[in-house]
Amino acid sequence: MRPLAASCPLEVSRPPEVSRPLVVLLVLMSLLFRKTRVGLHMRAVADNAESATLAGVSTSRILAIGWGAAAAIGALAGVLVTPLSPQQLGLTTMFPIFIAASAAALFGGLDSLVGAVVGGLTIGVLESMLSGYISVIGGSLQQTSALLIIVVILFVRPNGLFGTKKLERV
């Protein structure tokens, strides 16, 4: 078994069993948001809840579906992470993953599913390269590099690479 990352206590023993459900989930979420009525309603409520309500969308129902989907995805993440390192499972096990996921979402754009995937791959490659080529960054400073990436992205391009700029007119 090999460590998932220098700062992450998880070990990868069966990557295909972890990556297959994630790819399926990514495709299903992409289809949900792009091809279904519920996905259209979710995007409308996320964009402007008041306008969605005026258009006849039940915002409370859509928010409940959204929170339920988020809970299900979180449960799936817990189920997929647990076999990787059951002896080290604790309250802070997911913290390095949360930091990297936040950096990836901000890097790609909070309103773009493709941006989140590209951001995740980019953050993963950057962290691996930084910890591999700069020996000081390996270990506990690897999370700091993700936080630094978050700060730089928020200063340079607050909407992320694939995020859309919101324009408000008065």
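In case you missed it, the structure is sitting above this.
Residues numbered from 1 in each chain as written. Predicted model: local features only at pLDDT ≥ 70, side-chain atom pairs only at ≥ 80, totals over all residues. Heavy atoms only, no water.

Can you help me understand the overall build of the chain in this one?
Per the secondary structure count, the chain includes seven helices and two strands. Listing every helix and strand of the chain by position from the N terminus yields β-β-α-α-α-α-α-α-α. Contacts in the chain between residues far apart in sequence, at least 24 positions, make up 54% of those at least 6 positions apart. (Helix = DSSP H or I, 4+ residues; strand = E, 2+ residues; numbered from the N terminus. Contact = heavy atoms within 4.5 Å.)

Is there a simple way to think about a nonpolar patch on the surface in this case?
A contiguous nonpolar surface patch, about 620 Å² in accessible area, is contributed by Val125, Met129, Tyr133, Ile134, Val136 and Leu141. Element by element, the count of residues in the nonpolar patch is highest for helix H6 (residues 113–133), at three residues. Tracing the backbone through its elements, the reader meets Val136 in the loop between H6 and helix H7 (141–156). (Patch = residues over 30% accessible without salt bridge, like charges linked within 9 Å, V, L, I, M, F, W, Y side chains within 5 Å. Areas by Shrake-Rupley, 256 points an atom, 1.4 Å probe, with all protein chains shown as cover. Salt bridge = Lys/Arg side-chain N within 4 Å of Asp/Glu carboxyl O.)

Looking at this structure, how should I read the nonpolar core?
Among the nonpolar cores identified, the biggest contains 10 residues, and these are Ile99, Ala103, Ala104, Leu106, Phe107, Ile123, Ala146, Ile149, Ile150 and Ile153. Secondary structure elements with two or more residues in this core: helix H5 (95–108) and H7. Top element by residues in this core is H5. It accounts for five residues. Once you skip the residues sitting within four places of it in the chain, Ile153 turns out to touch Leu106, Phe107 and Pro158. (Core = buried A, V, L, I, M, F, W, Y, C linked by side-chain atoms within 4.5 Å. Buried < 20%, exposed > 50% of the residue type's maximum accessible area, 1.4 Å probe, protein only.)

Where do I start with helix H4 (residues 59–81) in this structure?
An α-helix turns once per 3.6 residues; consequently, residues spaced three or four apart project the same way. Helix length check: H4, at 23 residues, gives a terminal C-alpha distance of 33 Å against a target of 33 Å (1.5 Å per residue), a fit within 8%. Looking at H4, one finds that the buried residues are Ile62, Leu80 and Val81. (Expected span 1.5 Å × (residues − 1).)

So what exactly am I meant to see when it comes to the side chain of His41 here?
Along the polypeptide, His41 turns up in helix H2 (residues 37–47). Ignoring sequence-local partners within four residues, the contact set of His41 consists of Val57 and Ile62.

For this particular structure, what's the right way to read the packing of H5 against H6?
Axes are the key here: two packed helices are described by the angle between their axes and the distance separating the axes. The N-to-C vectors of H5 and H6 enclose an angle of 125 degrees; their axes lie 7 Å apart at closest approach. The angle between H5 and H6 falls in the class oblique. Like other packed secondary-structure pairs, H5 and H6 cross with a definite hand, here right-handed. Between H5 and H6, the residues in contact are Ala100, Ala103, Ala104, Phe107 and Gly108 and Gly115, Ala116, Gly119, Gly120, Thr122 and Ile123, respectively. Residues of the contact of H5 with H6, tallied by class, amount to six nonpolar, five polar and no charged. (Axes fitted to C-alpha atoms, helices over the stretch in contact; angles between N-to-C directions. Parallel < 35°, antiparallel > 145°, perpendicular 65-115°, else oblique. Left-handed = near helix turned anticlockwise from the far one by under 90°. Nonpolar A, V, L, I, M, F, W, Y, C, P; charged D, E, K, R; others polar.)

What should I look at first to understand the environment of Gly78 in this one?
Summarising the element assignment, Gly78 is placed in helix H4. In this structure, the C-alpha to C-alpha distance between Gly78 and Leu89, residues 11 residues apart in sequence, is 9.9 Å.

Where do I start with the packing of H5 against H7 in this structure?
Taken N-terminus to C-terminus, the directions of H5 and H7 make an angle of 25 degrees; their axes are 9 Å apart at the nearest point. In terms of axis orientation, H5 runs roughly parallel to H7. Here H5 and H7 pass one another in a crossing that is left-handed. Note on element contacts: H7 touches H5 through Gln143, Ala146, Leu147, Ile149, Ile150, Ile153 and Leu154, opposite Phe95, Pro96, Ile99, Ser102, Ala103, Leu106 and Phe107.

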